[in-house]
Structure formats: structure tokens, C-alpha cells
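Residues per chain are reported as follows:
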Amino acid sequence: MNALYPIRPGDPAIRHLTSRQLGGLIVELRTEGREFGLLWPSAQSGEVILDGQILVSLGNVPASTVINLLALLREFKRHR
């Protein structure tokens, strides 16, 4: 995982991920992102407002999105 080189949705490197592994990545994203207000999953756009901010659902996203978000969070924390 590297924030400078994001993984593409069709990247063969992520095709081997199992449901259990992807679930673990989502739990990690929830944990790492909580500090920055990243809620996973959130409500549909416009349905729910939290502290004056409209929440947006990410819907069905590829595993690469989860991995890339984690990489960005880790990179930010490392340089903070």
C-alpha cells in the first residue's frame, strides 16, 4: 500500500482478497478514519445530516478504494 501509487480497481494484485480479508480492511478503515470523521458506511447523500454536514454513501466501491483510502490515512498520520 502506497499513497503515491494508488491501486486501480482491476489490479490483479487485489483479486486474491477474500471476503474475510476485505472485512478486516474495512474494520481497519473505520478505525483509522474515525479520527478524521470518515464514517463507513454512511447514509445516502442528503438523507442524514450530522453536525450540519450531509453524509454521503460510498455505495458499492471496489476493494481498491478501501486500500487507497487506508494508504492515504497512513501517509497522512506518518507525516503529521
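Residues numbered from 1 in each chain as written. Predicted model: local features only at pLDDT ≥ 70, side-chain atom pairs only at ≥ 80, totals over all residues. Heavy atoms only, no water.

To continue, consider the packing of aromatic side chains. Scanning all chains against the criterion turns up 1 aromatic pair. On the numbers, 5.3 Å between centres and 80° between planes, the contact of Phe36 with Phe76 is edge-to-face. Within this pair, whereas Phe36 is found in the loop between helix H1 (19–34) and strand E1 (49–50), its partner Phe76 is found in helix H2 (residues 63–79), the two being separated by 40 residues in sequence. By relative accessible area, which is 46% here, Phe76 ends up partly exposed. (Phe/Tyr/Trp six-rings, centres within 6.5 Å; stacked < 30°, edge-to-face > 60°. Helix = DSSP H or I, 4+ residues; strand = E, 2+ residues; numbered from the N terminus. Buried < 20%, exposed > 50% of the residue type's maximum accessible area, 1.4 Å probe, protein only.)

As a further point, take the environment of Ile26. With respect to the helices, strands and loops of the structure, Ile26 is situated in helix H1. Residue Ile26 is classed as partly exposed on the basis of its relative accessible area, which comes to 21%. The spacing of Ile26 and Leu70 is 44 residues in sequence and 9.1 Å in space, taken between C-alpha atoms.

What follows concerns the confidence of the model for the protein chain. Overall, the prediction assigns the protein chain a mean pLDDT of 76, with 72% of residues at 70 or greater. No element of the protein chain has a lower mean pLDDT than strand E2 (residues 53–54), at 56, and none a higher one than H2, at 88. (pLDDT = per-residue confidence, 0-100.)

Right, let's get into the side chain of Ser64. The residue Ser64 is located in helix H2 in this model. Residues within four places of Ser64 in sequence aside, it is in contact with Ile7, Arg8, Pro9 and Ile14. (Contact = heavy atoms within 4.5 Å.)

What follows concerns the pattern of salt bridges. One pass over the structure, following the stated rule, counts 5 salt bridges. In this structure, Arg78 and Glu75 form a salt bridge, with 2.5 Å as the shortest nitrogen-oxygen distance. Here the residue Arg78 and the residue Glu75 both occupy positions in helix H2, the gap between them amounting to 3 residues, near one helical turn. If you follow the salt bridges from partner to partner, you end up with Glu32, Glu35, Lys77 and Arg80 in one network. (Salt bridge = Lys/Arg side-chain N within 4 Å of Asp/Glu carboxyl O.)

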